[in-house]
Amino acid sequence: MNNDEIKRYDELNVDEKDVIDCFRQMKLLSDQARFELFSYKLTDLLNKYEDLLELRKETQALLLDVLEEIDKNELSSTYRL
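The rules behind these values
- Residues numbered from 1 in each chain as written.
- Predicted model: local features only at pLDDT ≥ 70, side-chain atom pairs only at ≥ 80, totals over all residues.
- Heavy atoms only, no water.
- Helix = DSSP H or I, 4+ residues; strand = E, 2+ residues; numbered from the N terminus.
- Rg over C-alpha atoms; globule rule 2.2 N^0.38 Å.
- Buried < 20%, exposed > 50% of the residue type's maximum accessible area, 1.4 Å probe, protein only.
- Areas by Shrake-Rupley, 256 points an atom, 1.4 Å probe, with all protein chains shown as cover.
- Lys, Arg positive; Asp, Glu negative; His and termini not counted.
- Charge placed at Lys NZ, Arg CZ, Asp CG, Glu CD.
- Salt bridge = Lys/Arg side-chain N within 4 Å of Asp/Glu carboxyl O.
- Patch = residues over 30% accessible without salt bridge, like charges linked within 9 Å, V, L, I, M, F, W, Y side chains within 5 Å.
- Phe/Tyr/Trp six-rings, centres within 6.5 Å; stacked < 30°, edge-to-face > 60°.
- Lys NZ or Arg CZ within 6 Å of the ring centre and 35° of its normal.

### A few points about the overall build of the protein chain
And then number 1: On a plain count of helices and strands, the protein chain comes out with one helix and zero strands.
And then number 2: For the protein chain, whose C-alpha radius of gyration is 31 Å, the value lies well above the compact-globule estimate of 12 Å for 81 residues.
And then number 3: Taken along its principal axes, the extent of the C-alpha atoms in the protein chain is 90 × 25 × 10 Å.
And then number 4: Taken across its 81 residues, the protein chain has 5% of its residues classed as buried.
And then number 5: Surface summary for the protein chain: the accessible area is close to 7900 Å², and the carbon and sulfur share equals 58%.
And then number 6: With 12 positive and 20 negative side-chain charges, the protein chain shows a separation of 3 Å between the mean positions of the two kinds.

### Side note on the pattern of salt bridges
And then number 1: Under the defined criterion, the tally for this structure stands at six salt bridges.
And then number 2: As a salt-bridge pair, R24 and D21 come within 3.9 Å of each other at their nearest N and O atoms. Placement of both R24 and D21 in helix α1 (residues 14–72) is noted, with a separation of three residues, approximately one turn of the helix.
And then number 3: Residue R24 is classed as partly exposed on the basis of its relative accessible area, which comes to 46%.
And then number 4: With a closest N to O distance of 2.8 Å, K27 and D31 form a salt bridge. Of the two residues, K27 and D31 both sit in helix α1, four residues apart, roughly one turn of that helix.
And then number 5: According to the relative accessible area criterion, D31 is buried, its value standing at 17%.

### Describing a negative patch on the surface
And then number 1: Where like charges cluster on the molecular surface, the negative patch consists of E50, D51, E54 and E58.
And then number 2: Inspection of the secondary structure assignment puts E50 in helix α1.
And then number 3: The exposure class assigned to E50 is exposed, which follows from its relative accessible area of 52%.

### Points about the packing of aromatic side chains
And then number 1: Taken as a whole and assessed by the stated rule, the structure comprises zero aromatic pairs.
And then number 2: The ring of Y9 carries R24 above its face, with NZ or CZ at 4.9 Å from the centroid.

The following block contains the structure:
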């Protein structure tokens, strides 16, 4: 195929334009669906990461509470971290 055989959009007949427009629309819908999927996955990942950070804070607070209890009960010499 050479450059003489390639048509510009304004040189196409009505049926050819309809086919090209249909392909463009399909491509746009496909791209939109992929971006929506990536957006969903990233949002889900961020939510899980935020939950993980909150769980870490709670776990650290519980650990500190346990260590304080151990100190209050004078058991600190028997444990090692």
